[in-house]
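Take a look at the letters that make up each chain.
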Amino acid sequence: MTDSPQVEPAAASQPVETLVLHRTDNGVSWITLNRPEAMNAVTWDQRERVIALLAEASADPAVRAVVITATGRGFCAGADLRGAPATGGERVAGDVARMIRLGAQRLITSVLDCEKPVIAAVNGTAAGIGAHLALACDLVLAAESARFVEVFVRRGLVPDGGGAYLLPRLVGPQRAKELIFFGDAVPAADAQRLGLVNRVVPDGELEPRAREWAERLAQGPTRALALAKQLVNASLDGDRAAALAAEAAAQEINMTTADAAEGVASFVERRTPKYLGR
């Protein structure tokens, strides 16, 4: 249901492995949207590939951080639904809600639930579901040329992909309504001031800075980071008692890990810890 540019028909026939590039390097899973001619408007096949790669990252102990980025001038210009499986027949009540649940919401949830820290390296325009894909990540790096657009209002649509959930938690309800109601493009520098972005860097420094951050995370205590991510993500949805109970449970679980033992031992022995992600 999100806005997307016109797409060349040939793009839909390309193998999804060429439309979503993937490599693992120094413990970092790099997921790169690769439809620059379409400003990386995401197709059904691409979405499923990203969801699968995030699930693989969670399950693979060799992966200890994830970077989501894109090629060309756009990070992701929205959703392109042309590659979706044909449903056939007349639309009935419930079809749209089901499509959103199984599509945009699954994509955003796969980022929020990934058990490894996820960095968005936003190289250009992030619009609609593309903006929400970036904002669902744990850390957001943006190139100076990047911009964020809540494009839905321009098409008479309600935000999907968790936009009305994510934005108030990042910038507060009043700012969230401003972004959603007007649909104005927000330059990277303004996005940082609002709290949507952690850092803005020159375009040529985006990948090196993302690599630096990701490899630093990949050297950290992976399970502790996963548990901390869960605590922070859940903190705004529950009361204080529930948050403190979850914190105590997370500490209990984390203290069974080898990295926790190494962290304590290295402190006692006054040396730099060597975390294994276990």
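Presented here is an overview of the structure given in this document.

Basis of the calculations
Here, residues in each chain are numbered from 1, in the same order as that chain's written sequence. Note on the predicted model: pLDDT of at least 70 is required for a residue's local features to be given, and 80 or more for side-chain atom pairs to be given and counted; whole-chain, interface and lining totals, by contrast, use all residues. Heavy atoms throughout the structure, all of them, feed into the side-chain values; hydrogens and water do not. A pocket here means an open set of points on a 1 Å grid, computed over the protein atoms alone, that has protein on both sides within 12 Å along at least five of seven lines. A cavity is instead a set of points where a 1.4 Å probe fits but cannot get out; residues with an atom within 4 Å of a point line either one. Grid points are joined across faces, edges and corners, and a volume is the space filled by probe spheres set on the points. Helix and strand definitions here come from DSSP, where helices need a minimum of 4 consecutive H or I residues and strands a minimum of 2 consecutive E residues; each element is numbered from the N-terminal end. The classification used treats Ala, Val, Leu, Ile, Met, Phe, Trp, Tyr, Cys and Pro as nonpolar, Asp, Glu, Lys and Arg as charged, and all other residues, Gly among them, as polar. Between any two strands, pairing holds if DSSP finds at least two bridges. Orientation is described by lines fitted to C-alpha atoms, with helices fitted over the stretch in contact, and by angles between N-to-C directions that extend from 0 to 180 degrees.

**Digging into the layout of surface pockets**
For the largest pocket, the calculated volume is near 760 Å³. Elements with a minimum of two residues in the lining of the largest pocket: α5 (104-112), α7 (163-171) and α11 (222-235). Per element, the largest residue contribution to the lining of the largest pocket is eight residues, and it comes from α11. A breakdown of the residues in the lining of the largest pocket according to their chemical character gives 19 nonpolar, eight polar and five charged.

**Quick word on the pairing of strand β1 (residues 20-25)**
Summarising the sheet, β1 and strand β2 (residues 28-33) pair through six bridges and their orientation is antiparallel. Bridged to Arg 23 within β2 is Trp 30. Where β1 folds back on β2, the antiparallel hairpin that results is connected by two residues, among which Asn 26 adopts a positive phi of roughly 50°.

**Some thoughts on empty space enclosed by the protein**
If you walk through the whole model with that rule in mind, you get one cavity of 30 Å³ or more. Of the pockets and cavities examined, the largest cavity occupies roughly 60 Å³. Around the largest cavity, the lining residues are Ala 131, Leu 135, Phe 148, Val 149, Glu 150, Leu 167, Leu 179, Asp 184, Val 186 and Leu 196. Partitioned by chemical class, the residues of the lining of the largest cavity number eight nonpolar, no polar and two charged.

**Observations regarding the sheet that holds strand β7 (residues 139-143)**
By way of backbone hydrogen bonds, the strands of a sheet pair with one another, either parallel or antiparallel. Pairing is mixed in the open sheet, where six strands are placed in the order β1-β2-β3-β5-β7-β10. The sheet terminates laterally at β1 and β10 (199-201), the two strands that pair on one side only. Adjacent strand axes in the sheet meet at a mean angle of 20°, parallel and antiparallel pairs treated alike. Inspection of the sheet shows β2 paired to strand β3 (residues 65-70) by six bridges, in the parallel sense.

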